[in-house]
Amino acid sequence: MKMKWKKIVLLLMVLVLFCSCKKEEPMDSWEAAVGLSYTYMREGVINTNGQVLRFYDVQSEQDVALCAKPNCEHLGASSTNPNPECNAYLGAYPDMPAIVGGQLYCVIQEEFTWDKPEGLFQKYLYRAEVDGTNRKEIAKFSDAQNSATADYGEGYFVYTYRNTEDVEGNTLEQCRAGIYLVDLKQEKTEQITVFDGYQAYIPNVMVYNDKVYYVYSYLKEYMDFLDYEVIFSEEFNQKMVENTCQEIWEYDIKTKKQNCIWNGGGSYYVTTMNDGIICVKESDRATIINCADGAQKEVSQEIFYGKAVMPYGNKIYFLTDGVLKAYQVEAGEVEDIGTYDESELKEIGILAITEETVYFMAQNGDEYYLPYDKFIKGKLDEVKKIEWQS
Ligand SMILES: [Zn+2]
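Residues numbered from 1 in each chain as written. Predicted model: local features only at pLDDT ≥ 70, side-chain atom pairs only at ≥ 80, totals over all residues.

**Overview of the overall build of the chain**
This is how the line gets drawn: Secondary structure elements are defined from DSSP: runs of H or I of at least 4 residues count as helices, runs of E of at least 2 residues count as strands, and each element is numbered from the N terminus. Buried means a residue has 20 or more other C-beta atoms within 10 Å of its own C-beta, exposed means 12 or fewer, and partly exposed covers the counts in between; C-beta atoms are placed from the backbone.
Scanning the chain from terminus to terminus reveals three helices and 29 strands. Sorting the 390 residues of the chain into buried and exposed places 36% on the buried side.

Structure, rendered in structure tokens:
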């Protein structure tokens, strides 16, 4: 009984840290945007750079290890600490973590050795409390060599992967790109699609309105990427562009039917999808797909002449010359959202937009960092830099 109370008190301490300024039901949102080393949520960011998961709370401006063990130093594996006992340690390769629906989720890689590489193809989705306790495996991905991207939305987790080898370690001529969909509430998993193609890749995925939207990119003809002499040449780049195909697919979770809603070839594509809007930038134009009604609109790409395009709330945000602008999808007009000092903050990209925060990747001199801006009712407030504890 005594132990149980201790546990509850610890759990409460963690929760208080997370929700100091929140009203009810902290971390209740089911939305999270997965990036390369970070996952962005309304309340903050999970850092997956190290082996120990850390959470940065945008309200308190503090980061904490996702562990409430007393006297824990929150250390990952090393020669002096081969079996970490920290609850924020989830194996050597934690992937796609997020706090959604009040609980922590993370993809874990099965242990493997290079002489037995088949373990590399086994991944598990774990659920735990936000302090790392009560870990439970809720999904298994048994054909996934490399994680590509993922999205959390509407109580689902959608995970894309890419295999460049078979389970015996032989290089595949055609890569395999596939998607697993997990219903987080029902704990049901299905593999919803598999493509085999030259350089096959699924770089974007989004859950919206009980549907999964994704980009499938591949090459029409085989090209040898290992030939470095060729890879840096103008000719190679030209061939890549001509050879590249991109398709956008819509998968209906209820009916399990899917169809290609857009395709293109012979261009350079930058595709972003978020919050029900898909924007495909090509060399000479941009296509905007509104997933709410399926409407597609082609506009001059000069509208988004800046970098870093990110849809949110029926607008497409982009950065240019130190100004965050928004293109209103329906009205077709551009508005200024906010400015900041470009000499201090050299913007590189918008990483995610949530209800209350815009996350940027920025550069200042040699330093790359992750600033964010309070974002309430479409207006910027004050740009702040995230300083992670070392
Ligand atoms: Zn710990």
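**What to know about the pairing of strand β23 (residues 323–328)**
For clarity, the threshold we go by: Paired strands are those between which DSSP finds at least two bridges.
With six bridges connecting them, strand β22 (residues 315–320) and β23 associate as antiparallel partners. Each bridged residue has a counterpart across the sheet, and for L319 the counterpart in β23 is L324. In this structure, the hairpin formed by β22 and β23 is closed by a connection of two residues, where D321 is found at a positive phi of approximately 50°. The pairing of β23 with strand β24 (residues 334–339) spans five bridges and is classified as antiparallel. Within β24, the position partnered with K325 by the bridge is D336. Joining the antiparallel neighbours β23 and β24 is a turn of five residues, in which G332 adopts a positive phi near 75°.

**Comments concerning the pairing of strand β10 (residues 146–153)**
The side chains of a regular strand alternate between both faces of the sheet. As paired strands, strand β1 (residues 32–34) and β10 are joined by two bridges and run antiparallel to one another. When the bridges of β10 are listed, A32 appears paired with Y152. Bridging between β10 and strand β11 (residues 156–165) involves seven bridges; their strand directions are antiparallel. Each residue of the ladder has a partner; that of Y152, found in β11, is F157.

**Notes on the sheet that holds strand β20 (residues 295–300)**
For the record, the criterion: Each axis is a line fitted through C-alpha atoms, and for a helix only the stretch in contact is used; angles between axes span 0 to 180 degrees, taken between their N-to-C directions.
In space, the four strands of this open sheet follow the order β17-β18-β19-β20, with antiparallel pairing throughout. At either end of the open sheet lies a strand with only one pairing partner, and these are β17 (270–274) and β20. The average undirected angle you get between the axes of adjacent strands in this sheet is 15°. As paired elements, β17 and strand β18 (residues 277–281) share five bridges and run antiparallel to each other. Across the sheet, M273 pairs through a bridge with I278, a residue of β18.

**Topic: the sheet that holds strand β9 (residues 136–141)**
Note on sheets: strands pair through backbone hydrogen bonds, and any given pair is parallel or antiparallel. Taken in spatial order, the four strands line up as β6-β7-β8-β9 in an open sheet, and their pairing is antiparallel. Of all strands in the sheet, those bounded by a partner on one side alone are β6 (95–100) and β9. Each neighbouring strand pair of the sheet contributes to a mean axis angle of 20°, computed without reference to strand direction.

**What to know about the confidence of the model for the chain**
Which entries qualify depends on this criterion: pLDDT is a per-residue confidence score from the predictor, ranging from 0 to 100. Residues are defined as contacting one another if the C-beta atoms placed from their backbone atoms lie within 7 Å.
Counting all residues, the mean pLDDT for the chain is 87, and 89% of those residues have values of 70 or more. Overall, residues 5–12 carries pLDDT values under 50, and its contacts beyond four positions in sequence, including any with other chains, amount to five contacts. Taken as a whole, residues 15–24 scores under 50 in pLDDT and shows twelve contacts with residues more than four places along the chain or in a different chain.

**Topic: the nonpolar core**
Using the following cut-off: For our purposes the nonpolar core covers buried Ala, Val, Leu, Ile, Met, Phe, Trp, Tyr and Cys residues that link as a set through C-beta atoms within 7 Å.
A98, Y159 and I316 are the most contacted members of the largest nonpolar core, which has 98 residues in total. No other element matches the seven residues that strand β14 (residues 211–219) contributes to this core. When sequence neighbours within four positions are dropped, the list of residues in contact with I316 reads I277, C279, I288, F304, V309, P311, A326, Y327 and V329.

**Focus on the environment of L370**
Structurally, L370 can be placed in the loop between β27 (367–369) and β28 (371–376). The exposure class assigned to L370 is buried, which follows from the 20 C-beta atoms found within 10 Å. Separated by 15 residues in sequence, L370 and K385 have C-alpha atoms that sit 6.1 Å apart. With residues near it in sequence (within four places) discarded, L370 still touches Y38, Y359, M361 and I386.

**What to know about the environment of M240**
Relative to the assigned elements, M240 resides in helix α3 (residues 234–243). With 19 residues separating them along the chain, M240 and E221 place their C-alpha atoms 9.6 Å apart.

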